[in-house]
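Report on the structure
Given next are the chains, with one letter for each unit.
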Amino acid sequence: QIYLGESGGGLVQTGDSLRLSCAASGGFFSTYTMGWFRQAPGKGREFVAAINWSGTTTHYADSVKGRFTIARDNAKKMAYLEMNNLKPEDTAVYYCARARTSEYFTTNEADFDSWGQGTQVTVSS
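A short tour of the structure in this document, coming up. (Residues numbered from 1 in each chain as written. Predicted model: local features only at pLDDT ≥ 70, side-chain atom pairs only at ≥ 80, totals over all residues. Heavy atoms only, no water.)

**Considerations on the pattern of salt bridges**
In plain terms, the rule: Note on definitions: salt bridges are taken to be side-chain nitrogens of Lys or Arg within 4 Å of carboxyl oxygens of Asp or Glu. Under the DSSP-based scheme used, a helix requires at least four consecutive residues in state H or I and a strand at least two consecutive residues in state E, with every element numbered from the N terminus. Exposure classes here rest on a 1.4 Å probe applied to the protein chains alone. A residue is buried below 20% of its type maximum, exposed above 50%, and partly exposed in between.
As enumerated under the stated definition, the model contains six salt bridges in all. The salt bridge partner of Arg 19 is Glu 82, with a shortest N-O separation of 4.0 Å. Of the two residues, Arg 19 sits in strand 3 (residues 18–25) while Glu 82 sits in strand 8 (residues 78–83), which places them 63 residues apart along the sequence. On the accessibility criterion, Glu 82 (29% relative accessible area) is partly exposed. It is possible to trace a salt-bridge network through shared partners that takes in Arg 38, Glu 46, Arg 67 and Asp 90.

**Section: unusual backbone geometry**
The residue Lys 77 is not glycine, and still its phi comes out positive at about 55 degrees. Relative to the helices and strands, Lys 77 is located in the loop between strand 7 (68–73) and strand 8. Under the relative-accessibility criterion, Lys 77 is labelled partly exposed at 24%.

**Some points on the nonpolar core**
Where we set the bar: We call a set of buried Ala, Val, Leu, Ile, Met, Phe, Trp, Tyr and Cys residues a nonpolar core when their side-chain atoms join them within 4.5 Å. Here, two residues are considered to be in contact whenever any of their heavy atoms come within 4.5 Å of each other.
Counting residues in hydrophobic clusters, the biggest one holds 33 residues, and the most contacted among them are Trp 36, Val 48, Phe 68, Leu 81, Met 83 and Tyr 94. Elements that contribute at least two residues to this core include exactly strand 3, strand 4 (34–39), strand 5 (45–51), strand 7, strand 8, strand 9 (92–99) and strand 11 (119–124). With near-sequence residues (within four places) excluded, Met 83 lies in contact with Asp 16, Ser 17, Leu 18, Leu 20, Arg 67, Phe 68, Tyr 94 and Val 121.

**Quick word on the packing of aromatic side chains**
Formally: Pairing of aromatic side chains here covers Phe, Tyr and the six-membered ring of Trp, requires ring centres within 6.5 Å, and sorts the geometry by plane angle: under 30 degrees stacked, over 60 edge-to-face, intermediate tilted.
Under the criterion given, the structure shown has three aromatic pairs. Centroid distance Phe 37 to Phe 112: 5.1 Å. Interplanar angle 75 degrees. Geometry classified as edge-to-face. Here Phe 112 lies in strand 10 (residues 112–115) and Phe 37 lies in strand 4, a separation of 75 residues in the sequence. This pair shows no difference in class: Phe 37 is buried, exactly as Phe 112 is. Geometrically, the ring pair formed by Phe 37 and Trp 115 is tilted, given 4.9 Å between the ring centres and 55 degrees between the ring planes. On the criterion of sequence distance, the pair formed by Phe 37 in strand 4 and Trp 115 in strand 10 is long-range, its members being 78 residues apart. Among the aromatic residues, those joined into a cluster by ring pairs are Phe 37, Phe 47, Phe 112 and Trp 115.

Here you go:
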C-alpha cells in the first residue's frame, strides 16, 4: 500500500508563489499517474493537475492553467505542484493522489484511490 504525504502549504498574499510537495512511501509510484486536487471551504473536491508516469503528459484545470506546474521525480518518489500568481480563489486544502491503475493517464477523480492527508493553502487578498 502506498502512503502519500503533502507539505508546503501556508498563508500567502495574492500574487505570491508556493511549491507543494508530495512524498510517497511504500507501494508503487513510478508507473502511475499522479494528481493534485483541492477542496475549498463549503465546496466539493476538484481536479487541479495530473501528470503521467514519465512526466511527458500533463493536464491542468482551466482555472490554474498557465499559473501552476505539476512535476514528479520518480527516483525520489516525489510529486510537486508549483503555484505562481496565487489568487484568493486558490484557497483550499490541496491533496495529492495516485491513480488506481497504471494502464492509462487519467484526470478523473474516481480513478484515484490513494490520497494524502492534504495541506492547507490560504491566499489573502
